Amino acid sequence: MEYLPIRVSTLRGDQKINFDAYIMINDKQILYLRRGDSFEGTRLVRLKEKKVRKMYILQSDEKNYRSYIDTNLSLAYDSKSPKSIEDRGQIVQGMQQAAAEDVMERPEDEVSYKHAKDGAAKYVDFLLKEDKGLKSVLQIENTDQNIGHHGVTVSTYSVALAKSLGITDPKQTQLLSLGALLHDFAHTKSDLKINRPLSEFNPEELKSYQEHPMVGATAVKDLRHFDRTVINIILEHEECINQSGFPNKKHENQVDPLSVIVSSANALDRIITFERVAPKEAIKKLTIEQMGRHPLNHIQILQKIVSETYT
Ligand SMILES: [Fe+2]
Ligand SMILES: [Fe+2]
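Residues numbered from 1 in each chain as written. Chains lettered and ligands numbered in written order. Predicted model: local features only at pLDDT ≥ 70, side-chain atom pairs only at ≥ 80, totals over all residues. Heavy atoms only, no water.

Undergrad: Explain the overall build of the chain here, please?
TA: Counting its secondary structure elements, the chain contains 13 helices and four strands. Its C-alpha radius of gyration of 19 Å places the chain within 12% of the 19 Å reference for a compact globule of 311 residues. The principal-axis extent of the C-alpha atoms belonging to the chain is close to 55 × 45 × 35 Å. Counting the 311 residues in the chain, one finds 54% classified as buried. Looking at the chain alone, contacts between residues at least 24 apart form 68% of all its contacts between residues at least 6 apart. For the chain, the exposed area adds up to about 15,100 Å²; of that, 50% sits on carbon and sulfur atoms. On the chain, the mean spot of the 43 positive side-chain charges and the mean spot of the 44 negative ones are 2 Å from each other. (Helix = DSSP H or I, 4+ residues; strand = E, 2+ residues; numbered from the N terminus. Rg over C-alpha atoms; globule rule 2.2 N^0.38 Å. Buried < 20%, exposed > 50% of the residue type's maximum accessible area, 1.4 Å probe, protein only. Contact = heavy atoms within 4.5 Å. Areas by Shrake-Rupley, 256 points an atom, 1.4 Å probe, with all protein chains shown as cover. Lys, Arg positive; Asp, Glu negative; His and termini not counted. Charge placed at Lys NZ, Arg CZ, Asp CG, Glu CD.)

Undergrad: Help me out: how do you make sense of the domain arrangement of the chain in this one?
TA: The parts lose accessible area when they come together, and the size of an interface is often stated as this lost area. The domain boundaries assigned to the chain delineate domain 1 (1-82) and domain 2 (84-309). Taking only C-alpha atoms, the centre of domain 1 and the centre of domain 2 are 26 Å apart. Interface area, domain 1 with domain 2, both sides summed: about 1,900 Å², of which 50% is carbon and sulfur. Note that E105 is salt-bridged to R7, the shortest N-O span being 3.2 Å. Between domain 1 and domain 2 we count eight residue pairs in polar contact (both at pLDDT 80 or more) in total. Looking at the side of domain 1 that touches domain 2, the elements that each hand over two or more residues are α1 (42-49) and α2 (62-77). Among the elements that take part in the side of domain 1 that touches domain 2, α2 stands out by supplying six residues, more than any other. Residue composition of the side of domain 1 that touches domain 2, grouped by class: seven nonpolar, six polar and eight charged. (Domains from an automatic or database assignment. Buried area = accessible area lost by both parts, 1.4 Å probe. Salt bridge = Lys/Arg side-chain N within 4 Å of Asp/Glu carboxyl O. Polar contact = N/O pair within 3.5 Å; in protein donor to acceptor, adjacent residues only side chain to side chain. Nonpolar A, V, L, I, M, F, W, Y, C, P; charged D, E, K, R; others polar.)

Undergrad: Is there a simple way to explain the coordination of the iron ion (ligand 1) in this structure?
TA: Tetrahedral coordination by four donors places them ideally at 109.5 degrees to one another around the metal; octahedral coordination by six donors ideally gives 90 or 180 degrees. Those protein atoms acting as donors to the iron ion (ligand 1) are D184 (OD), H212 (NE2), H237 (NE2) and E238 (OE), and they sit at 2.1 to 2.2 Å. Around the iron ion (ligand 1), the four donor atoms are arranged such that angles at the metal cover 90 to 171°; this shape is classified as irregular. Linear spacing of the donor residues for the iron ion (ligand 1) on their chain is D-x27-H-x24-H-E. Between the iron ion (ligand 1) and the iron ion (ligand 2), a spacing of 3.6 Å is present, and a bridge between the two is formed by D184. (Donors = N, O, S within 2.8 Å, 3.2 Å for Na, K, Ca; no water. Tetrahedral: all angles 85-135°; square planar, octahedral: opposite > 155°, others 65-115°.)

Undergrad: Please explain the side chain of H150 as it appears in this structure.
TA: The topology assignment puts H150 in helix α6 (residues 147-165). A distance of 2.7 Å separates the side chain of H150 from the side chain of D269, its partner in a polar contact. Every residue in contact with H150, bar those within four places of it in the chain, is listed here: N142, H183, D184, N266, D269, R270 and F274.

Undergrad: Would you mind going over the packing of helix α12 (residues 279-289) against helix α13 (residues 296-309) with me for this structure?
TA: What describes two packed helices is the angle between their axes and the distance between those same axes. Put simply, α12 and α13 touch, their axes get as near as 10 Å, and they point 170° apart. By the angle between their axes, α12 is roughly antiparallel relative to α13. Judged by residue contacts, P279, K280, I283, L286 and T287 of α12 engage I299, L302, Q303 and V306 from α13. Looking at the contact of α12 with α13, its residues break down into six nonpolar, two polar and one charged. (Axes fitted to C-alpha atoms, helices over the stretch in contact; angles between N-to-C directions. Parallel < 35°, antiparallel > 145°, perpendicular 65-115°, else oblique.)

Undergrad: Whenever I open this one, the coordination of the iron ion (ligand 2) confuses me. Can you help?
TA: The iron ion (ligand 2) binds to the protein through H150 (NE2), H183 (NE2), D184 (OD) and N266 (OD1); the donor distances cover 2.0 to 2.2 Å. Considering all four donor atoms around the iron ion (ligand 2), angles at the metal cover 88 to 175° and the coordination shape is irregular. Look at where the donors of the iron ion (ligand 2) fall in the sequence and you get H-x32-H-D-x81-N. By relative accessible area, D184 is classed as buried at 3%.

Undergrad: Please clarify how empty space enclosed by the protein should be interpreted in this entry.
TA: Empty space among the atoms becomes visible once a probe the size of a water molecule is rolled across them. For the structure on display, the rule yields three cavities of 30 Å³ or more. Taken as a whole, the largest cavity spans an internal volume of roughly 70 Å³. Forming the boundary of the largest cavity are V8, S9, R12, K48, V52, R53, Q97, E101, D144 and N146. For the lining of the largest cavity, a count of residues per class yields two nonpolar, three polar and five charged. Mapped onto the domain boundaries, the lining of the largest cavity takes at least three residues apiece from domain 1 (1-82) and domain 2 (84-309). (1 Å grid on protein atoms, 1.4 Å probe; cavity = no way out; pocket = protein on both sides within 12 Å on 5 of 7 lines; lining within 4 Å. Points joined across faces, edges and corners; volume = space filled by probe spheres on them.)

Undergrad: Help me understand the pairing of strand β3 (residues 28-33) in this model?
TA: Side-chain positions along a regular strand alternate between the two faces of the sheet. In the sheet, strand β2 (residues 21-25) pairs with β3 via five bridges, with the strands oriented antiparallel. Bridged to I23 within β3 is I30. In textbook terms, the turn of a hairpin is the stretch between consecutive antiparallel strands, and for β2 and β3 this stretch comprises two residues, one of which, N26, has a positive phi near 45°. (Pairing = 2+ DSSP bridges.)

Written as structure tokens, this is what we have:
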């Protein structure tokens, strides 16, 4: 029998699946969930705990899987959807994560990039138009410290920052969202354990860590379908306004303002996701321990988002 891989991040919400879903164990596909069941609750939690990123369907079910995805997307993005905002947020977050994973796995694939780029515009719309959209996505904990999920979170904070800063041009916000989604692309290609405070890195690890923005940007710089702004964000997302960032110790006025936004958003989610600090503590840490590295108004906006999201 022929199987096709599908991403676990596309299986969200309480919609019943119309295909059988298999997991691979020792090179064999084992039936995990039958058609008629759904992925809500503990099933999804268990898969995340095991860091299962891909599942399999029978090739003959491909059409059914596509229609499941289409239904999920329209349930999520339709402002008159009968689904709760929490369910919609889960689906939307998963779709963004899947798009990020697709591009990060095969950046040379133009179709995946275009799909992620279109998705980024839709995602911005969702965040701007849905009152509780921001909260519904940010409340989904990145339990498996997934780089794609981290990308979605940084993209979410970035869009919220842009909104508060009065950046409304749709082209700009789309590229901001996409650049933020893909910013840590290089981490998916390295074995460096990034899920601990930088103070615990030894000199070699730190050196390698500080190269990741350049490694990521260099890997995609010759791909013609990649937008310049996105490549810039990948390169500049660790720069800080007081020249304490890397790889080029740039000053605020040498960095694309969109990269400055992603850098602030990234600094916050790095502490939350990879150092496992509770969001309210994390924003305090960012404010006090990293004073001067990010614009004060960014920090104030992030403080407000955190206090409204995690009550
Ligand atoms: Fe990074
Ligand atoms: Fe990051």
